[in-house]
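The chain contents come next:
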Amino acid sequence: MFSFCTDPSTLPDWQWMACYLTTTKHISLYWSVLTVLLLLAITAPAALAFGFAGASAARSRTAPVSWIGRGYIAVVRGVPDVAFFLFFVIALDQGIEYLRHKTLCPDWSEPIRQGNDFVVCQAAKMPLGNAPQWVHETYGFAIAVLTFAIVFGAFSANVLYGAMQAVPRGQLETAESYGMTPRQTFWRVLVPQMWVYALPGLSNLWMVLMKATPLLFLLGVEDLVYWARELGGIKTPRFTDYPHGDWRMWYFLALLIFYLLFTRVSEIVLARLMTRLSHGQATTAGDAQRKRTQA
């Protein structure tokens, strides 16, 4: 904080605003921007990995594996995101504590389920009650990443499955006629060609994932929307040195601009990626590139 912020009530407007925007809570707001960006940076490849595994399983010739892949896609896509976020996080958290309880507290005689309460020994708590704050925050963030990855992994699995089906069958038959094994055909022919068909759908999922980050508050993570609502609400002189009226409109306007700019940057990057993937492919975009090159 600036050195002239000792008595904000006596400052001119621009200095007052400079002090106001550098308070501890505003620093937390700025850190939440990095939290959202970090979530996206980790969740996107994790969801893609879940999706690739689900799509590969769904097209497997082994019936049980195919059922697992198709079931994962159908079940997760069929459950509303909010309901899944609330149910899965609670179930996962209690599942971890249950396993730790059985391992660390074998002599526990009381029932774990006591009406609506879930009671385990203190050593089984996840994280421990006396753990530093950063441990609690890291645990919550890890749960958020896993939940987002599973949910959006199901949607990406559906996109990737369709992209695999879109690769011309003749390409695969040609690879097989040259003596390639099914594994070689999959990795050397199908996978490299499917991305050009998958990218439009994956691009839409990326945009949806960005808009879904406000769901972090359901997982106990203090995100941008939380701090915008917290800082923008009416503040009185009794509780703060920086009293103000209802400024939520301005905070949410700043969030709107942030997400629009981020969306625009994403569109530019994805368009360039699509151009690169289309190079040499037997698609409309690939044909257009060849014609421009020949011209």
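Everything here concerns the structure above.
Criteria and cut-off values
Residues numbered from 1 in each chain as written. Predicted model: local features only at pLDDT ≥ 70, side-chain atom pairs only at ≥ 80, totals over all residues. Heavy atoms only, no water. Helix = DSSP H or I, 4+ residues; strand = E, 2+ residues; numbered from the N terminus. Rg over C-alpha atoms; globule rule 2.2 N^0.38 Å. Buried < 20%, exposed > 50% of the residue type's maximum accessible area, 1.4 Å probe, protein only. Contact = heavy atoms within 4.5 Å. Areas by Shrake-Rupley, 256 points an atom, 1.4 Å probe, with all protein chains shown as cover. Lys, Arg positive; Asp, Glu negative; His and termini not counted. Charge placed at Lys NZ, Arg CZ, Asp CG, Glu CD. Disulfide = S-S within 2.5 Å. 1 Å grid on protein atoms, 1.4 Å probe; cavity = no way out; pocket = protein on both sides within 12 Å on 5 of 7 lines; lining within 4 Å. Points joined across faces, edges and corners; volume = space filled by probe spheres on them. Nonpolar A, V, L, I, M, F, W, Y, C, P; charged D, E, K, R; others polar. Salt bridge = Lys/Arg side-chain N within 4 Å of Asp/Glu carboxyl O. Axes fitted to C-alpha atoms, helices over the stretch in contact; angles between N-to-C directions. Parallel < 35°, antiparallel > 145°, perpendicular 65-115°, else oblique. Left-handed = near helix turned anticlockwise from the far one by under 90°. Core = buried A, V, L, I, M, F, W, Y, C linked by side-chain atoms within 4.5 Å. Polar contact = N/O pair within 3.5 Å; in protein donor to acceptor, adjacent residues only side chain to side chain.

1. Some thoughts on the overall build of the protein
Step number 1: Assigned secondary structure in the protein consists of 10 helices and 2 strands.
Step number 2: Order of helices (α) and strands (β) in the protein, N terminus to C terminus: α-α-α-α-β-β-α-α-α-α-α-α.
Step number 3: Taking 2.2 N^0.38 as the reference for a compact globule, 295 residues should give roughly 19 Å; the C-alpha atoms of the protein span a radius of gyration of 25 Å, well beyond that estimate.
Step number 4: Structurally, the protein occupies a C-alpha span of about 80 × 70 × 30 Å along its principal axes.
Step number 5: Out of the 295 residues belonging to the protein, those deemed buried represent 36%.
Step number 6: Looking at the protein alone, contacts between residues at least 24 apart form 67% of all its contacts between residues at least 6 apart.
Step number 7: Counting only carbon and sulfur atoms, one obtains 64% of the accessible surface of the protein, whose full area is about 17700 Å².
Step number 8: Charge centroids of the protein, computed over 23 positive and 18 negative side chains, lie 15 Å from each other.

2. Quick look at the state of the cysteines
Step number 1: Summed over all chains, the structure comprises 1 disulfide.
Step number 2: Across the disulfide from Cys 105 sits Cys 121; the S-S distance is 1.9 Å. Because the sign of the S-S torsion sets the handedness, a value of about 80° for the bond joining Cys 105 and Cys 121 places this disulfide among the right-handed ones. Of this pair, Cys 105 sits in the loop between helix H4 (81–104) and strand E1 (113–114) while Cys 121 sits in the loop between strand E2 (117–118) and helix H5 (133–166), and the two are 16 residues apart along the sequence. Residues Cys 105 and Cys 121 agree in their burial class; the two are buried.

3. Here's the deal with the environment of Pro 182
Step number 1: Checked against the element boundaries, Pro 182 lands in helix H7 (residues 182–212).
Step number 2: It is 51 Å that separates the C-alpha atoms of Pro 182 and Val 119, two residues lying 63 residues apart in sequence.

4. Considerations on the layout of surface pockets
Step number 1: Approximately 510 Å³ is the volume attributed to the largest pocket.
Step number 2: For the largest pocket, the lining is made up of 18 residues, of which Thr 35, Glu 137, Phe 141, Val 221 and Glu 222 are closest to its centre.
Step number 3: If you list the elements that add at least two residues to the lining of the largest pocket, you get helix H2 (24–58) and H5.
Step number 4: Counting residues per element, the lining of the largest pocket draws most heavily on H5, which supplies 7 residues.
Step number 5: Considered class by class, the residues forming the lining of the largest pocket number 8 nonpolar, 8 polar and 2 charged.

5. Concerning the pattern of salt bridges
Step number 1: Following the criterion strictly, the structure yields 5 salt bridges and no others.
Step number 2: In this structure, the salt-bridge partner of Lys 25 is Glu 230, at a minimum N-O distance of 3.1 Å. In this pair, Lys 25 sits in helix H2 while Glu 230 sits in helix H8 (residues 224–232), placing the two residues 205 residues apart along the sequence.
Step number 3: Classification of Glu 230 as partly exposed rests on a relative accessible area of 27%.
Step number 4: In this structure, Arg 248 engages Asp 246 in a salt bridge whose closest nitrogen and oxygen atoms are separated by 2.7 Å.
Step number 5: Look at Asp 246 and you get partly exposed, because its relative accessible area is 40%.

6. Brief notes about the packing of H2 against H8
Step number 1: At a closest axis distance of 9 Å, the pairing of H2 and H8 adopts a crossing angle of 160°. One element, H2, and the other, H8, form an angle in the roughly antiparallel class. Along this stretch, H2 crosses H8, giving a crossing that reads as left-handed. Taken together, the residues of H8 that come into contact with H2 (itself represented by Lys 25, His 26, Ser 28, Leu 29, Ser 32, Val 33 and Val 36) are Leu 224, Trp 227, Glu 230 and Leu 231.

7. Digging into the nonpolar core
Step number 1: Within the largest apolar cluster, 64 residues are counted, with the highest numbers of intra-cluster contacts made by Phe 148, Phe 152 and Met 194.
Step number 2: Counting 6 residues, the second largest nonpolar core, distinct from the first, contains Cys 105, Ile 112, Val 120 and Ala 124.

8. Here we look at the side chain of Thr 213
Step number 1: As for its placement among the helices and strands, Thr 213 is situated in the loop between H7 and H8.
Step number 2: Polar side-chain contacts of Thr 213 include one of 2.8 Å to the side chain of Tyr 259.
Step number 3: In contact with Thr 213, other than residues within four places in its own chain, are Val 36, Leu 39, Leu 40, Phe 148, Asp 223 and Tyr 259.

Note that every value here comes from positions in space, so none of it alone points to a role or purpose.
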